[in-house]
Amino acid sequence: MKAPGCTLLVDADDTLWENNIYFERAFERFCELLGHPSMTPEEVREVLDGIERANNRVHGYGAENFGRNLRQCLERLATRPVGTGDFEAVNRLTGRILDHPIELIDGVPETLEHLSERHELILFTKGEAGEQRRKVERSGLSGYFTHVEVVKEKDQHTYERFVDARALDVEATWMIGNSPRSDINPALAAGLQAVFVPHARTWRLEHEEIADGNGRLVRVESFRELKGLF
Ligand SMILES: [Mg+2]
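Rules used in this analysis
- Residues numbered from 1 in each chain as written.
- Predicted model: local features only at pLDDT ≥ 70, side-chain atom pairs only at ≥ 80, totals over all residues.
- Buried ≥ 20, exposed ≤ 12 C-beta atoms within 10 Å, placed from the backbone.
- Helix = DSSP H or I, 4+ residues; strand = E, 2+ residues; numbered from the N terminus.
- Arc of directions from axis to C-beta.
- Contact = placed C-beta atoms within 7 Å.
- Domains from an automatic or database assignment.
- Nonpolar A, V, L, I, M, F, W, Y, C, P; charged D, E, K, R; others polar.
- Axes fitted to C-alpha atoms, helices over the stretch in contact; angles between N-to-C directions.
- Parallel < 35°, antiparallel > 145°, perpendicular 65-115°, else oblique.
- Left-handed = near helix turned anticlockwise from the far one by under 90°.
- Pairing = 2+ DSSP bridges.

1. Things to note about helix H5 (residues 108–118)
Part 1 of the argument: Three or more residues of H5 are buried, namely Val108, Thr111, Leu112 and Leu115. The buried residues of H5 occupy an angular sector of 100° when the element is viewed end-on, so they sit on one face. Set apart from the buried face of H5 by more than 90 degrees, the exposed residues are Glu110 and Glu117.
Part 2 of the argument: In the core, the buried residues of H5 are packed alongside strand S1 (7–10), strand S2 (120–126) and helix H9 (226–229).

Here it is as structure tokens:
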């Protein structure tokens, strides 16, 4: 167990609460709406992935942006005339993502309580600022964190800038999250320690081979296990 006084940067979506499953459900319904005569859902998904990669760079993440991506995907792939009713149906799908009650991942509140007694906790999440902050408020978890940081992208420079801005000691700072691409690899590249907490339904665009942590990376199987580590 680490000595008290570390700074723990904690990811939110699919680390503290469920998130990607709602996007997956919306995608399944989108495929029904599209009703493509020959493309499989996997083939539709690949087209959507391309649209998402391009748009995320410009517009960022979140349900509203996902709605834009679905509308573009619909326009690109529909084999029938697409009208206002279709776009309204897409908006309802993304509205459901935004309205969904927060489902905390097993063991999260008690684990955060333990961690916050010994260490400084900072919520470090990427996405659309308003959307992410509303989730933090609705989760009831904000009291465990001394600060909430919402960034547009989590790359190596984001971590370096954040560490500099808050004058954090990299050797006592850990990033905890489910995404190899956004939580683990860039934090390791910035010189931080990392704890990988895998989630079975992590968004496919967050997958990446995990870098060699040179002893700075720990993998746990559940959020609860952090209690034994910190
Ligand atoms: Mg996440």
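There's more to say after this.
2. Details of the domain arrangement of the protein
Part 1 of the argument: For the protein, the assigned domains read domain 1 (7–17 + 102–229) and domain 2 (20–99).
Part 2 of the argument: Computed over C-alpha atoms, the centres of domain 1 and domain 2 are 28 Å apart.
Part 3 of the argument: With 10 residues of domain 1 at the interface, the matching set in domain 2 holds 14 residues.
Part 4 of the argument: For the side of domain 1 that touches domain 2, the residue count by class is two nonpolar, two polar and six charged.

3. Describing the packing of helix H2 (residues 41–59) against helix H3 (residues 63–77)
Part 1 of the argument: Where H2 meets H3, the axes come as close as 9 Å, and the angle between the chain directions of the two elements is 135°. Put simply, H2 runs oblique to H3. The crossing of H2 and H3 is right-handed. For the pair H2 and H3, the contacting residues are Val44, Val47, Leu48, Ile51, Glu52, Asn55 and His59 in the first and Asn65, Arg68, Asn69, Gln72, Cys73, Arg76 and Leu77 in the second.
Part 2 of the argument: For the contact of H2 with H3, the residue count by class is six nonpolar, five polar and three charged.

4. Considering the sheet that holds S1
Part 1 of the argument: Reading across the sheet, the six strands line up as S3-S2-S1-S4-S5-S6 and stay open at both edges, with parallel pairing between neighbours. Each having just a single partner strand, strand S3 (147–151) and strand S6 (217–219) make up the two edges of the open sheet. Adjacent strand axes in the sheet meet at a mean angle of 20°, parallel and antiparallel pairs treated alike.
Part 2 of the argument: With three bridges connecting them, strand S5 (residues 193–196) and S6 associate as parallel partners. Its bridge partner lying in S6, alanine 194 is registered against leucine 217.

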